[in-house]
Amino acid sequence: MEHEPNDPGLADLVHRLRRFADERDWQRFHTPKNLAMALAGEVGELLAELQWLTPEESAQVMADPEHGARVRAEIGDVMIYLARLSDTLGIDPLAAASDKLTEAARRYPVERSYGSAAKAPSTDRTG
């Protein structure tokens, strides 16, 4: 259920990833479950790069060429798997993110949320 993203840069990435998978006959392995699991693994690798840093060190991680390169590579991996998963499910991830931001603005109005990290009450029963 492939989907064409509206953003030209994202569309180019999606097309390159499709071609990459097609050339290797990997489409059959790129199920939503497998892609979500791979995405979770890559997010874990990104977390591992930042895990033991202080908040200040994490904010400056890109100033260290070696560590910054590893963080950049992990973000690339996360983006690749997110783009493949979104494409496989027929979701435009930028539109989905925009929709979530609109919902967050509704749930967290500035006058009630400014300077607070408190979570808004859930709007559904699943928590």
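In this text, all values refer to a predicted model and were calculated from it rather than measured experimentally.

A. Here's a closer look at helix 1 (residues 8–23). Compared with an ideal rise of 1.5 Å per residue, which puts 16 residues at 22 Å, helix 1 spans 22 Å between its outermost C-alpha atoms and is within 8% of the ideal. Residues Leu10, Ala11, Val14, Leu17, Arg18 and Ala21 constitute the buried set of helix 1. Projected down its long axis, helix 1 carries its buried residues within an arc of 125 degrees, all on one side. Of the exposed residues in helix 1, those oriented more than 90 degrees away from the buried face are Pro8 and Glu23. Contact partners of the buried residues in helix 1: helix 4 (65–89) and helix 5 (93–107). One side-chain oxygen at the N-terminal end of helix 1 lies 3.0 Å from the backbone nitrogen of Gly9; it belongs to Asp7. Positive backbone phi, at 55 degrees, marks Asp25, one or two positions downstream of helix 1.

B. Quick look at the side chain of Ser86. With respect to the helices, strands and loops of the structure, Ser86 is situated in helix 4. For Ser86, a relative accessible area of 8% corresponds to the buried category. Within the structure, Ser86 has its side chain in polar contact with the backbone oxygen of Leu82 (distance 2.8 Å). Beyond its immediate sequence surroundings of up to four residues, Ser86 is in contact with Ile91 and Pro93.

C. Fine view of the packing of aromatic side chains. Inspection of the entire model under this criterion finds one aromatic pair. Here the basic side chain of Arg24 rests over the ring of Phe20, its NZ or CZ set 3.6 Å away from the ring centre. Over the ring of Trp26 we find Arg24, and its NZ or CZ is 6.0 Å from the ring centre.

D. Highlighting the environment of Gln60. In this structure, Gln60 sits in the loop between helix 3 (55–59) and helix 4. Residues Gln60 and Ala105, spaced 45 residues apart in sequence, show a C-alpha to C-alpha distance of 29 Å.

E. Up close: a nonpolar patch on the surface. Taken together, the side chains of Phe20, Trp26 and Phe29 present a nonpolar region at the surface, about 300 Å² in accessible area. Its location among the elements puts Trp26 in the loop between helix 1 and helix 2 (32–50).

F. Seen up close, the packing of helix 1 against helix 4. The contact between helix 1 and helix 4 brings their axes to 10 Å, and the two run at 85 degrees. By the angle between their directions, the pair helix 1 and helix 4 is classed as roughly perpendicular. Of helix 4, the residues touching helix 1 (which contributes Leu10, Leu13, Val14, Leu17, Arg18 and Ala21) are Met79, Ile80, Ala83, Arg84 and Asp87. For the contact of helix 1 with helix 4, the class distribution of residues is eight nonpolar, no polar and three charged.

Criteria and cut-off values
Residues numbered from 1 in each chain as written. Predicted model: local features only at pLDDT ≥ 70, side-chain atom pairs only at ≥ 80, totals over all residues. Heavy atoms only, no water. Helix = DSSP H or I, 4+ residues; strand = E, 2+ residues; numbered from the N terminus. Expected span 1.5 Å × (residues − 1). Buried < 20%, exposed > 50% of the residue type's maximum accessible area, 1.4 Å probe, protein only. Arc of directions from axis to C-beta. Contact = heavy atoms within 4.5 Å. Polar contact = N/O pair within 3.5 Å; in protein donor to acceptor, adjacent residues only side chain to side chain. Phe/Tyr/Trp six-rings, centres within 6.5 Å; stacked < 30°, edge-to-face > 60°. Lys NZ or Arg CZ within 6 Å of the ring centre and 35° of its normal. Patch = residues over 30% accessible without salt bridge, like charges linked within 9 Å, V, L, I, M, F, W, Y side chains within 5 Å. Areas by Shrake-Rupley, 256 points an atom, 1.4 Å probe, with all protein chains shown as cover. Salt bridge = Lys/Arg side-chain N within 4 Å of Asp/Glu carboxyl O. Axes fitted to C-alpha atoms, helices over the stretch in contact; angles between N-to-C directions. Parallel < 35°, antiparallel > 145°, perpendicular 65-115°, else oblique. Nonpolar A, V, L, I, M, F, W, Y, C, P; charged D, E, K, R; others polar.

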